[in-house]
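These are the residues of each chain, in order.
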Amino acid sequence: MLIFAHNIAFNNGAWGALSDVGISAENVKAGEPLTVTVDVLNSAGNEFCGNPHLTAVQSGYTWFGEAPSFNSEIGTFSSWTQDDTKCNRWTTRIPGEVASLVYSDGEDKEIVDPRLKAFCESASCNFDEYKFKITVFTGKVGFNKVVGTALPFSVAPGSPKGSETQLLTTMMEVSSNQTDCVEVQARDEYGNTLLYGGSANQITFHVDDEEYIAPGLPNTPLDTVGLPKNKINVKDLHNGNYRICSTYGPAGVHFLSMHLSGEEIKSSPLSVVVTPSAAAGANTVATGDGIDRIDEMDGAENIFYVAPKDSRGNLLTASLLDVSMLSVSITYSGDGFNERNKGVGVDTKVELETDGRFKVCYIISGKLKRDSDYKMVSISVSINGEPIQAQLENEDSTTPLVSLGVMQGSRIINYEMSTGLVITLYLECSFLIGLTCFFIGLVKYWENENAIKFSQRKFLYIMLGGILFIYLSFLLLIVDYSDAVCGAENFLFHIGIWTTLLPLVAKTYRTNKIANNRGLKRVKITDKMLLQWTGAAMFVVILLLILQIAFYPAKAAEMTGSPRYLENGVAVTYVVTQCTAGLSPVSGLLFAGELGVIVYLAVLAHFTRRVPSAFAEAKYIALSIYNLCLIIAFLAILVGVVQINTDYPELFMSITGFCMILGVGAMQVMIFLPKFIIILRKKEVKLEDILGEDEKKRLPRPSRSNLEMSNHGNSSGGGERRFSGVHRGGSATNVMRSPMNLVSSSLAHGSMASVMEDDIKVGGLHSSPGFGSSSGSSSGDSEVGSLKTELERLRRLEEQLKKDNDRQQKEIDKMKELNKKLQVSSRASLGRSSSFVAQPPANSDWVPMMDDDGKPYYYNSKTDDCTYNVPKKW
């Protein structure tokens, strides 16, 4: 539709004075073109088809600052198009991008810009004057105003455009679970503010880059308390603005992105700072050992922490909190404690940590008297008047922290030996130390007795000193432990072990070498050699102990045992202070060496267990070593497997003391007591007494010509002999069956004497009184005569021994030849005489024999007695 204004005259026109000007509409939307048409007439009123050089000018009021302002040239349009059908008609198109302050909404409803309304409240306004006007001019240079009135029109804003729509607020700060709003001003693509609504459903949101899903819809994100994280509402204000109201649960900085018709709104996203709200008891949780159990140690701090949270589960920061918000009530209610400890109390202290948590510390005064006693408290905590929750250990859900009973789950008790056990162990150690000192005195008092001399008294002294060191080290275990006490105990123990075992090794080693000398070789192992070996070993041990003290000292360490549960459910754990040298190379070498020596000594004891002795020393040494090995294995099992030293310290100390008696004490008694008994019975111990029954049976049988006893000795006070010759006949066969039978007497008087007697230094083959020698072996009494006489005597003895050895070898050779000749004759003689010789029973010690003249006699293999008469008692 064209609207024309007639009778518009052009001044100074080259054509007629009248022309028609028209517009296509009085109201258009921004972006919709407004067509201006001019029918040009000349002065005669006829159509003018020439170029009139027209210019259309848009003018009107626009908003500037805080008031409307008239703009005489909103737009100038000089591009005209001549109509093809009518040559005098020219048209131009005005885009209409700027909206007028007053326009129609398309339903003949006039809309006035709210700013203009507010402006006109204080001044009378004609709203029609605030519409736009279009005026046409002619002329190439300058404007020649067309005669007549300009044509009014209005421009309404276009459709809302997301990229032009303005977010009026770019930042918002709210508390959690608090609703706050911002407004969005809708604008068209030309930036014109819309003064009408209708686009609320075209606005969508993203929160922290995730699409917003309204509550109630599937996949709605929830916070820690199960509520929707966010809630957003859009309200159309019907004036072109939209109010966005949002509620946030999680605290922190969130970014709300807004889109209109798929395009992000200008100034989006909105930065939303969400701070925690007031603390809520339903979401505030207490955690820590202080609400699970009470510390076992007396006077220990029991601590738990309270983390304040608001209604949406957000932790509160320290700046939002104050100690006065938290109310804590802790009262004591332990069974078996309050009755015997009047006035016991609980000291409670509350502190606010920098991370926003409350630290609650309570200390129970008093000390439990019995192991069966336990501590218990009742705890109630509230914040802002609301009870809080407690997250207990091994529980999934929380528990209201109202009169919550907390007891000690276990007790750690520093073990202290009972008075009765201490007294018992002191008495035991005192008895063993006194017994050892008494034994030392007896050895010193009877050191010249053969029972002591033959046992190598130097080694007896060393052994008793080692045993004394072991007892002293055990005595230190009874006193209060410290690093110094542990160092002294460790030093004394190892010194005692080595000084006890090394003499036993020396004695048993020499006994084994001589007693098992099957090759009849000369064996020379003197006391001096053994003492040197023992001293060298002790030097190495002392060096290792010095290294241990310097680099790996023994220390007093606390060891925790396994818990034991009482009837009330409380687990009791003992903390035992014990000495430990730790796992170090030095301690490893020491213990490995001691174990190796014990094993080696056990092997030697096995091989020498049957060595003859008047006081059975080798047998007792073997028994004591076996006993010691069993006790060590028993204690190792108790400590390593059962852990009795930490789980049952009282029982461990009792067993250790008992094993001390069974092990070291029994060794001491078995080795020394038989010697003392022999001395007290005044039983004379001679070198011959070391022979066992088997060795006596293997002695050569006497002949009739040597039935009388010979008491002659050599010039050195020689040994005792019964028969000066070797029996010919049945005994010859026995002699030749084992060469050891020929020298059994020599071994007894020579080699074994070297083992058992301190003063005889040379072992091996000595002259035997059983081969007709006129002199026996020397008793070697080193306490008679001067040193020069003694050396001369030993020289003569050595020469005599060499002669005896040569003579014995010759006799052996003769016996070999004689054995061949006598085998047949001996059997024949026995056969001929069997009819008149009385035969003894099978179990009798008497044996029928024949002398050189063929006359029968009887020989007692047990007593070495001979008789031609039939024994009265077989």
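Now for a quick tour of the structure.

Re the pattern of salt bridges
It is possible for side chains of opposite charge to pair when their charged atoms get near one another. All told, the structure shown has 13 salt bridges when counted by the stated rule. When the shortest N-O distance is used, the salt bridge between Lys349 and Glu351 registers 3.6 Å. Sharing partners across several salt bridges, the network here consists of Asp39, Lys86 and Arg89.

Side note on the state of the cysteines
If you walk through the whole model with that rule in mind, you get four disulfides. Note on cysteine connectivity: Cys181 is disulfide-linked to Cys245, with sulfurs 1.9 Å apart. Its S-S torsion of approximately 105 degrees makes the covalent link between Cys181 and Cys245 right-handed. Linking Cys181 in strand E16 (residues 179–185) with Cys245 in strand E20 (residues 241–248), this pair joins segments that are 64 residues apart in sequence.

Considering the nonpolar core
Membership of the largest hydrophobic core comes to 63 residues, with the highest contact counts inside it found for Leu504, Phe672 and Phe676. It is helix H11 (residues 649–680) that contributes the most residues to this core, twelve residues altogether. Setting aside chain neighbours within four positions, we find Phe676 in contact with Phe439, Leu442, Val443, Trp446 and Ile452. Counting residues in hydrophobic clusters, the runner-up holds 26 residues, among them Ile330, Ala390, Leu401 and Leu404.

Details of empty space enclosed by the protein
Vacant regions in the atomic arrangement are exposed by a probe of water-molecule size rolled over the atoms. Overall, the coordinates contain two cavities of 30 Å³ or more when judged by the stated rule. By volume, the second largest cavity is sized at about 30 Å³. In terms of lining residues, the second largest cavity is bounded by Ile294, Asp295, Met297, Gly299, Ala300, Asn302, Ile364 and Lys375. For the lining of the second largest cavity, the residue count by class is four nonpolar, two polar and two charged.

Reading the values: the criteria
Residues numbered from 1 in each chain as written. Predicted model: local features only at pLDDT ≥ 70, side-chain atom pairs only at ≥ 80, totals over all residues. Heavy atoms only, no water. Salt bridge = Lys/Arg side-chain N within 4 Å of Asp/Glu carboxyl O. Disulfide = S-S within 2.5 Å. Helix = DSSP H or I, 4+ residues; strand = E, 2+ residues; numbered from the N terminus. Core = buried A, V, L, I, M, F, W, Y, C linked by side-chain atoms within 4.5 Å. Buried < 20%, exposed > 50% of the residue type's maximum accessible area, 1.4 Å probe, protein only. Contact = heavy atoms within 4.5 Å. 1 Å grid on protein atoms, 1.4 Å probe; cavity = no way out; pocket = protein on both sides within 12 Å on 5 of 7 lines; lining within 4 Å. Points joined across faces, edges and corners; volume = space filled by probe spheres on them. Nonpolar A, V, L, I, M, F, W, Y, C, P; charged D, E, K, R; others polar.

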